[in-house]
Amino acid sequence: MPDSAAEVTAAGIARLAGVGRAAVSNWRRRHADFPKPVGGTETSPSFALADVEEWLRVQGKLAEVPLRERVWQLVAGHPAGAVTALVHAGCVLLLVRDRRAARPMLAATPDERLAEVLPVPLAETLTERLGVERAVRTPSAAELAPSVPLLRGVVELATESAEPTGSGESGGGSAGVREAYEFLLGRHLDANPRQYTLTPPGPAALMAALAGPAATVLDPACGTGALLAAALTAAGPATATGPAGAAAPTALHGQDADSDLAALTALRLALATDADVRVHAGDTLRADAFPALAADAVLCHPPFNERNWGHDELAYDPRWEYGFPARTESELAWVQHALARLRPGGTAVLLMPPAAASRRSGRRIRADLLRRGALRAVVALPAGAAPPYGIPLHLWVLRRPVPGERPPAELLLVDTASEQGAAGRERLDWPAVESAVLDAWRPFDRDGALAETPGESRGVPVIELLDDDVDLAPARHLPPPAAAEGAAQLSGVRERLTETLRRTRELTPPPAADPVAGGLRWPATTVGELARAGALTLRAGGAGTAAPTAPVAVLTDTDVLAGQAPSGALPEASAEGPGEEPVLLAVGDVVVPVLGGGSVTRVVDPATAGAALGRNVHLLRPDPAALDPWFLAGFLRATANKRQASSYASTATRLDVRRLQLPRLPLAEQQRYGERFRALAEFEEALRLAGRLGEQLVQGMYDGLADGTVAP
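Residues numbered from 1 in each chain as written. Predicted model: local features only at pLDDT ≥ 70, side-chain atom pairs only at ≥ 80, totals over all residues. Heavy atoms only, no water.

Caption draft 1: Summary view of the overall build of the protein. The helix and strand inventory of the protein stands at 27 helices and 23 strands. A buried classification covers 49% of the 712 residues belonging to the protein. The contacts in the protein between residues at least 6 apart in sequence include a share of 75% that link residues at least 24 apart. Counting every atom, the protein has about 33,200 Å² of accessible surface; 53% of that belongs to carbon and sulfur. (Helix = DSSP H or I, 4+ residues; strand = E, 2+ residues; numbered from the N terminus. Buried < 20%, exposed > 50% of the residue type's maximum accessible area, 1.4 Å probe, protein only. Contact = heavy atoms within 4.5 Å. Areas by Shrake-Rupley, 256 points an atom, 1.4 Å probe, with all protein chains shown as cover.)

Okay, here's the thing in structure tokens:
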């Protein structure tokens, strides 16, 4: 079947042509011969890919399309859907990698015959690589027919992606096929962010490192296979999360209730390793696919807060060795399932909601896990580490008890949430989190004891935790770092406050001169007029997306109002379109929030330069030969000016920046005013810092007196 079976959205057309989505809309309006929609909806139509490419080529708007982009468009526009396309692509990549004769056969067979001859070798390869009972069913000739252009393209992409030395005996280049499939699967996941709950690479790698080397690994809620893939990566040489030279897993087992995810994960893992891969579709708690498995490690990011997990049907299940979970404790059912599928001495690491450590309905099970030594560590991660991003999730590290061994006397508690959580997801220092967790776990795992790190980690005697609540939340048992450091830290805060107050006195503005009768009057102009005259450039923020290179911080309206450093982050570029370039700040720019009707402006300094302009913030970039930035910022901040330019037509007062006024003055006079405005800004910043330090000192004194680190 020809390429015309594939469809492409307007965002895909923009990516093909290397333009913004607005340009595609303009082409549709201005060119009568632009291809007509063949599918989609009225608001999001789709077009035949072949017709679009031909139109772009005739118009001279089609640059050389990267092969990976063309293959992705064939996946995204597949008549049977992207998942079916990815399954067909993965099957053929597996065939190419494992069978020397596959590539010549694909190249020599005509399109009309290819779909007919593929099912037999595919069935043989899938049986060898994924077992007789497998998540991936061999597609029929009729199902493969619409995928023929895609199959040829994906094999070509694998060849392009292969390393120079990557065409080994298999004839396919394992690196090339793996990279090609990871690219296509990653684009599909990025294009459907609300459809899948993903475990980010950082937490996945940390979980694999906590589990340690393992020959057999199970993920009973495998999703897209991120945790099993991390177990493979952790076994490689010189990883950031584990020692070099660890043996790679020889068997990977996964199960997921979503049959599509099970198929995609099976192919992803089979293309990444020569290990035995077994992935099944089905409800793990109700229909366990591996009832006799004794794995070395279990990694799991289970679904949270499930009420319909099988409570009524599974009351007498032998997995509930530590107690029958309440209907509201689905996570403790997953914990016990993981323990039941471990060999004695094997390790399980689960990503858990924080409530599972403290809910009263689970206290009896938590107590038995502690008494028998099955629960070894609880780690509090900062908010933003993994979905749901708004809460600080926990990692539970468990070990199946070895018969006859004495249970450990301590539980390791690690809290990385207190220090990192306030920074938010955008400024999360994940390498520091990972290092703190592993630096605490490895000596504790090796020696069974740990020197306490104030506010961060501690080995807590199990007997201390076996009270009425059995509350295992790390924050409840680790004093905050400020309290642990006590009087020494408070002394430093007091010294900084004293110095800041001294500077505040020095910066206090002198008494105002006698008022001018009737006030000074100057001829006025507006920001809009200055922009039209070229004296300044006016830009609105918030439209850009993240570039593929280094991340860029974003100056938000909250940052401007609070006088703080840029704290936001650009949204990731969509897989469906290139997005727009963000507006980057330069020294001397003046930024103005446009919501709330407040009276705030800010002149960008070297520390803020390079950040992106956030949503609901406008930038005014003055021509240095015509306007002084501090003069501009000072007059724009005047209360009367804000009132004159504000709109009260809605509940959210919005500032019309173009209507803001300032006087027409010679540059030398502007600079004289600018120096006074700059001095006022320094005074304001000193007052703001003094307020923060004062609050920190007062709270520290309260905490110190309350916990005994400060004497009365």
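Caption draft 2: The arrangement of the sheet that holds strand β3 (residues 45-48) in detail. If you walk across this open sheet you meet the three strands as β1-β3-β2, and the pairing is antiparallel. The outermost strands of the open sheet, each flanked by one partner alone, are β1 (7-9) and β2 (39-40). Of the pairings in the sheet, the one linking β1 to β3 comprises three bridges and is antiparallel in character. In the strand pairing of β3, Val8 is matched with Phe47. (Pairing = 2+ DSSP bridges.)

Caption draft 3: Up close: the side chain of Thr284. Of note, Thr284 is situated in the loop between β6 (276-281) and β7 (295-300). Classification of Thr284 by relative accessible area gives buried; the value is 3%. In this structure, Thr284 is in contact with Pro220, Gln255, Arg319, Trp334 and His337, ignoring residues within four places of it in sequence.

Caption draft 4: Up close: the nonpolar core. Formed by 109 residues in total, the largest nonpolar core has its most connected members in Ile13, Leu118, Val136, Leu210, Leu299, Leu381 and Leu395. The dominant element in this core, judged by the number of residues it contributes, is helix α5 (residues 82-98), at 12 residues. When near neighbours in sequence (up to four residues on either side) are disregarded, Ile13 contacts Val8, Val24, Trp27, Phe34, Phe47, Val52 and Leu56. Residues Tyr322, Ala333, Ala348 and Leu369 belong to the second largest nonpolar core, which totals 40 residues. (Core = buried A, V, L, I, M, F, W, Y, C linked by side-chain atoms within 4.5 Å.)

Caption draft 5: Geometry of helix α15 (residues 330-340). Across the 11 residues that make up α15, a large majority, 10, are buried. The complete set of buried residues in α15 reads Ser330, Glu331, Leu332, Ala333, Trp334, Val335, Gln336, His337, Ala338 and Leu339. Structurally, α15 contributes buried residues whose contacts are with β7, β8 (342-352), α16 (363-371) and β10 (394-399).

Caption draft 6: Structural view of helix α12 (residues 201-211). Across the 11 residues of α12, nine count as buried, placing the element largely inside the fold. Listed as buried for α12 are Gly202, Pro203, Ala204, Leu206, Met207, Ala208, Ala209, Leu210 and Ala211. Trailing α12 by a residue or two, Gly212 shows a phi angle of about 80°, which is positive.

Caption draft 7: Representation of the sheet that holds β8 in the model. Strand order in the open sheet formed by nine strands is β6-β5-β4-β7-β8-β10-β9-β11-β12, with mixed pairing between adjacent strands. Of all the strands in the sheet, the pair left with one neighbour each is β6 and β12 (457-461). On average, each strand axis in the sheet is tilted by 15° relative to the strand beside it, whichever way the strands run. Direction of pairing for strand β11 (residues 410-415) relative to β12: antiparallel, over a ladder of five bridges. (Axes fitted to C-alpha atoms, helices over the stretch in contact; angles between N-to-C directions.)

Caption draft 8: Representation of the layout of surface pockets within the structure. Reported here for the second largest pocket is a volume of approximately 810 Å³. Along the wall of the second largest pocket there are 29 residues; nearest its centre are Arg602, Val603, Trp630, Ala681 and Glu682. Broken down by secondary-structure element, the contributors of at least two residues to the lining of the second largest pocket are α24 (557-562), β18 (602-603), α25 (629-636) and α27 (667-707). Considering every element that reaches the lining of the second largest pocket, the biggest residue donor is α27, with eight residues. Of the residues in the lining of the second largest pocket, the class split is 16 nonpolar, five polar and eight charged. (1 Å grid on protein atoms, 1.4 Å probe; cavity = no way out; pocket = protein on both sides within 12 Å on 5 of 7 lines; lining within 4 Å. Points joined across faces, edges and corners; volume = space filled by probe spheres on them. Nonpolar A, V, L, I, M, F, W, Y, C, P; charged D, E, K, R; others polar.)

Caption draft 9: Broad picture of the pattern of salt bridges. Taken as a whole, this structure holds 40 salt bridges when the rule is applied. Measuring nitrogen to oxygen at the nearest pair gives 2.2 Å for the salt bridge that ties Glu506 to Arg502. Of this pair, Glu506 and Arg502 both sit in helix α22 (residues 487-507), four residues apart, which is roughly one turn of the helix. Judged by relative accessible area, Glu506 falls into the exposed class, the value being 52%. Across the pair Glu685 and Arg692 runs a salt bridge whose closest N-O atoms are separated by 3.7 Å. (Salt bridge = Lys/Arg side-chain N within 4 Å of Asp/Glu carboxyl O.)

Caption draft 10: Expanded view of the packing of α5 against helix α11 (residues 174-191). Their axes nearest at 10 Å, the elements α5 and α11 cross at an angle of 175°. Considering the angle they form, α5 stands roughly antiparallel to α11. Listed contacts from α11 to Ala82, Val83, Leu86, Val87, Gly90, Leu93 and Arg97 of α5 are Ser174, Val177, Ala180, Tyr181, Leu184, Leu185 and His188. Among the residues making up the contact of α5 with α11, the classes are represented as 10 nonpolar, three polar and one charged. (Parallel < 35°, antiparallel > 145°, perpendicular 65-115°, else oblique.)

Caption draft 11: Highlighting the packing of helix α4 (residues 67-76) against α11. Look at α4 against α11: their axes get within 10 Å of each other, and the N-to-C directions meet at 55°. Between α4 and α11, the crossing angle belongs to the class labelled oblique. Relative to α11, α4 is oriented so that their crossing is right-handed. On α11, the residues that touch Arg68, Glu69, Val71, Trp72 and Val75 of α4 are Phe183, Leu184, Arg187, His188 and Ala191. Its residues placed into classes, the contact of α4 with α11 shows six nonpolar, one polar and three charged. (Left-handed = near helix turned anticlockwise from the far one by under 90°.)

Caption draft 12: Here's a closer look at the environment of Val552. Note that Val552 resides in the loop between β14 (536-540) and β15 (553-555). A C-alpha to C-alpha distance of 9.0 Å links Val552 and Leu584, two positions 32 residues apart in sequence. In this view, Val552 contacts Gly568, Ala569, Leu570, Leu584, Gly610, Ala611 and Ala612; residues no more than four positions away in its chain are not counted.

Caption draft 13: Region of interest: unusual backbone geometry. A cis amide bond, omega -5°, links Pro387 with the succeeding residue Pro388. Looking at the secondary structure, you find Pro388 in the loop between β9 (375-380) and β10. We note that Asn305 has phi near 55°; this positive angle belongs to a residue other than glycine. Residues other than glycine seldom take positive phi values, yet Asn616 does so here, at roughly 65°. Mapped onto the secondary structure, Asn616 falls in the loop between β19 (612-613) and β20 (617-622).

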